[in-house]
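Below, each chain spelled out in residue letters.
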Amino acid sequence: MLFRSLNVGRASIWLFDKNRLAISLIDLYEHGTYHQSPDITLKVADYAHYFRALAGEEHAISAHNALSDPRTRDFSETYLRPLRIGAMLYAPIRQKGRVVGVLCAEHIGERRRWSPYETHLTSSLATMATLALEYAERREVEHALRIAKDAAEVASQAKSEFLASRSEEHTSELQSHHDLVCR
C-alpha cells in the first residue's frame, strides 16, 4: 500500500532487536519485486543521528535530500548511494510508547520533496503497524491466560478428586474403627 500510494522505489519495515542495539529489515518492497526478510541489519551505534531523530519523533520524518540531511547522511556510503536513494520518508513504529521499529519509504533517484499528505499517510500506516503489534501481543497474552486457566482447572479437579478419595478413605477408616469399638 505504501509503495503504490507514494509512488516510491522502495518501502520497508524494520524492527529493533531485543537489546535495541540494532534494527533489522523485516520486509522490503522494491519496484517490481518483493523480498521477504532480507538479511540487512543496521547497528544503532553506527547511525546515531538517525536513531536519535527516530526516537524523538512522534510522526513521520521527511528527508527530502537523504544524502545531505543530518539525520540520514550517515547512510550515504553504505546504503543510500549503492541503492541510489535520494529521499527518505520514515515513521516510528511504537509499542507502549517506545520505538520498536520503523516504516520507511525510499525514493530512488534525486532528492524529492515529500508532501504533507505523504508524510501524514506514512505516519498513519506506522500507527496501524503499532496497533497490529499491540493486537498480536494481546492475543498472545490471552492465549497464555487461557492455557494457565485450563492448567489451573485441571489442577483444581485433580485436587478435588484427591481430597474426595482421601475423605472416602478417612470415612472408611472411621467406620472400621467405629465397628471395632461397638463390637
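See the structure printed just above.
Residues numbered from 1 in each chain as written. Predicted model: local features only at pLDDT ≥ 70, side-chain atom pairs only at ≥ 80, totals over all residues. Heavy atoms only, no water.

### Description of unusual backbone geometry
Let me state the cut-off plainly: Secondary structure elements are defined from DSSP: runs of H or I of at least 4 residues count as helices, runs of E of at least 2 residues count as strands, and each element is numbered from the N terminus.
At Arg20, a position not held by glycine, the phi torsion is positive, near 60 degrees. Looking at the secondary structure, you find Arg20 in the loop between β1 (10–16) and β2 (22–30). A positive phi angle, near 60 degrees, is found at Arg84, a position not held by glycine. Within the fold, Arg84 resides in the loop between α3 (76–83) and β6 (85–95).

### Thoughts on α3
To keep it simple, the criterion reads: Buried means the residue's accessible area, taken with a 1.4 Å probe over protein chains only, is under 20% of the maximum for its type, while exposed means over 50%, and partly exposed covers the values in between. It is the directions from the helix axis to the C-beta atoms that the arc portrays. Contact definition: two residues touch when any of their heavy atoms are within 4.5 Å.
By the burial criterion, the buried members of α3 are Ser76, Tyr79 and Leu80. Projected down its long axis, α3 carries its buried residues within an arc of 120 degrees, all on one side. For α3, exposure combined with an orientation more than 90 degrees from the buried face picks out Glu77, Thr78 and Pro82. Packed against the buried residues of α3 are β1, β6 and β7 (98–108). Just downstream of α3, Arg84 is the residue with a positive phi angle, here 60 degrees.

### Structural notes on the pairing of β2
The cut-off we apply is this: Two strands form a pair only when DSSP identifies at least two bridges running between them.
Across seven bridges, the pairing between β1 and β2 is antiparallel. The partner of Ala11 across the bridge, within β2, is Tyr29. Here β1 folds back onto β2 in antiparallel fashion, the turn holding five residues, of which Arg20 has a positive phi close to 60 degrees. Pairing of β2 with strand β4 (residues 41–43), which is carried by three bridges, proceeds in the antiparallel orientation.

### Re empty space enclosed by the protein
Note the cut-off: Method remark: on a 1 Å grid restricted to protein atoms, a set of points is classed as a cavity if a 1.4 Å probe fits but cannot get out and as a pocket if it is open with protein on both sides within 12 Å along at least five of seven lines; lining residues have an atom within 4 Å of a point. Grid points are joined across faces, edges and corners, and a volume is the space filled by probe spheres set on the points. Only Asp, Glu, Lys and Arg are considered charged, only Ala, Val, Leu, Ile, Met, Phe, Trp, Tyr, Cys and Pro nonpolar, and every remaining residue, Gly among them, polar.
Applying the stated criterion to the full structure yields one cavity of 30 Å³ or more. The calculated volume of the largest cavity comes to roughly 70 Å³. Trp14, Ile23, Leu42, Tyr50, Phe75, Tyr79, Met88, Val102, Cys104 and Glu106 together form the lining of the largest cavity. Broken down by element, the residue count for the lining of the largest cavity peaks at three residues, all from β7. Across the lining of the largest cavity, the residue classes break down as nine nonpolar, no polar and one charged.

### Looking at the side chain of Arg10
Heads up, the rule is: As used in this structure description, the phrase polar contact means that two N or O atoms lie within 3.5 Å; if the pair is within protein, one of them must be able to donate a hydrogen and the other to accept it, and residues adjacent in sequence are counted only when both atoms belong to side chains.
By secondary structure assignment, the location of Arg10 is in strand β1. Of the polar contacts made by the side chain of Arg10, one reaches the side chain of Glu30; its length is 2.8 Å. Of the polar contacts made by the side chain of Arg10, one reaches the side chain of Glu106; its length is 2.6 Å.

### Here we look at the pattern of salt bridges
What counts here: The salt bridge definition used is simple: a Lys or Arg side-chain nitrogen within 4 Å of an Asp or Glu carboxyl oxygen.
Taken as a whole, this structure holds six salt bridges when the rule is applied. Residue Glu153 is joined to Lys149 by a salt bridge in which the shortest nitrogen-to-oxygen separation is 3.1 Å. Placement of the pair is Glu153 and Lys149 together in helix α4 (residues 116–182), with a separation of four residues, close to one helical turn. One continuous salt-bridge network, built from bridges that share partners, spans Arg10, Glu30 and Glu106.

### With respect to the packing of aromatic side chains
Put simply, the rule is: Pairing of aromatic side chains requires ring centres within 6.5 Å, counting the rings of Phe and Tyr and the six-membered ring of Trp. Pairs whose planes differ by under 30 degrees are stacked, by over 60 edge-to-face, and all others tilted.
Under the definition given, this model contains seven aromatic pairs. With 4.7 Å between their ring centres and 45 degrees between their planes, Tyr50 and Tyr90 make a pair best called tilted. Linking Tyr50 in helix α2 (residues 48–56) with Tyr90 in strand β6, this pair joins segments that are 40 residues apart in sequence. Using a relative accessible area of 4% as the deciding quantity, one classes Tyr50 as buried. Relative accessible area serves as the criterion here: at 0%, Tyr90 is assigned to the buried category.

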